[in-house]
Amino acid sequence: MKTNIGTIDRVLRILAGLVLIGLAFTGTIGVWGYVGVLLLLTGLVRVCPAYSILGINTCSTGKG
């Protein structure tokens, strides 16, 4: 698959994913916090299926 997540988007996804997972793990926000797993995975692999469907690409080079 072509990468469609740029550097800033990637960093934000990873950070938000880790925060959500941490909050869910501590019971602060409940099980919905485990949605952070999706953010973390898409940030790590640099591919977002929703972006592909919607035709969004945040990569600055566009090479992907």
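Residues numbered from 1 in each chain as written. Predicted model: local features only at pLDDT ≥ 70, side-chain atom pairs only at ≥ 80, totals over all residues. Heavy atoms only, no water.

### Observations regarding the overall build of the protein chain
So, point 1. On a plain count of helices and strands, the protein chain comes out with three helices and zero strands.
So, point 2. Taken across its 64 residues, the protein chain has 27% of its residues classed as buried.
So, point 3. Taking contacts inside the protein chain between residues at least 6 apart in sequence as the whole, the part at least 24 apart equals 66%.
So, point 4. Surface summary for the protein chain: the accessible area is close to 4,400 Å², and the carbon and sulfur share equals 73%. (Helix = DSSP H or I, 4+ residues; strand = E, 2+ residues; numbered from the N terminus. Buried < 20%, exposed > 50% of the residue type's maximum accessible area, 1.4 Å probe, protein only. Contact = heavy atoms within 4.5 Å. Areas by Shrake-Rupley, 256 points an atom, 1.4 Å probe, with all protein chains shown as cover.)

### So, helix 2 (residues 36–45)
The periodicity of an α-helix, 3.6 residues per turn, causes residues three or four positions apart to be oriented the same way.
So, point 1. Residues of helix 2 that are buried include every one of Gly36, Leu40, Thr42 and Gly43, and no others.
So, point 2. Where helix 2 is buried, its residues touch helix 1 (7–25) and helix 3 (49–54).

### Observations concerning the pattern of salt bridges
So, point 1. Taken as a whole, this structure holds one salt bridge when the rule is applied.
So, point 2. A salt bridge links Asp9 to Arg13; the shortest N-O distance between them is 3.1 Å. Note that Asp9 and Arg13 are positioned in helix 1 at a spacing of four residues, about one turn of the helix. (Salt bridge = Lys/Arg side-chain N within 4 Å of Asp/Glu carboxyl O.)

### Notes on unusual backbone geometry
So, point 1. Phi is positive for Arg46, which is not a glycine, with a value near 65°.
So, point 2. Relative to the helices and strands, Arg46 resides in the loop between helix 2 and helix 3.
So, point 3. Here Arg46 falls in the partly exposed class, since its relative accessible area comes to 25%.

### Let's talk about the side chain of Asp9
So, point 1. Residue classification places Asp9 among the buried residues on the basis of a relative accessible area of 15%.
So, point 2. Beyond its immediate chain neighbours, meaning those up to four positions away, Asp9 contacts Tyr51 and Thr58.

### Description of the packing of aromatic side chains
So, point 1. Under the defined criterion, the tally for this structure stands at zero aromatic pairs.
So, point 2. Cation over ring: Arg13 sits above Tyr51, and NZ or CZ is 4.9 Å from the ring centre. (Phe/Tyr/Trp six-rings, centres within 6.5 Å; stacked < 30°, edge-to-face > 60°. Lys NZ or Arg CZ within 6 Å of the ring centre and 35° of its normal.)

### Some remarks on the packing of helix 1 against helix 2
The packing of two helices is summarised by the inter-axis angle and the distance between the axes.
So, point 1. Orientation of helix 1 relative to helix 2, taken along the N-to-C sense of each, is 150°, at an axis distance of 7 Å. As summarised for this structure, helix 1 and helix 2 are arranged roughly antiparallel, according to the angle between their axes. The interaxial crossing formed by helix 1 with helix 2 has left-handed handedness. Within the contact between the two elements, helix 1 uses Arg10, Arg13, Ile14, Ala16, Gly17, Leu18, Leu20 and Ile21 and helix 2 uses Gly36, Val37, Leu39, Leu40, Thr42, Gly43 and Leu44.
So, point 2. Tallied by class, the residues present in the contact of helix 1 with helix 2 amount to nine nonpolar, four polar and two charged. (Axes fitted to C-alpha atoms, helices over the stretch in contact; angles between N-to-C directions. Parallel < 35°, antiparallel > 145°, perpendicular 65-115°, else oblique. Left-handed = near helix turned anticlockwise from the far one by under 90°. Nonpolar A, V, L, I, M, F, W, Y, C, P; charged D, E, K, R; others polar.)

So, to be careful, I would describe these as geometric facts and stop short of saying anything about function.
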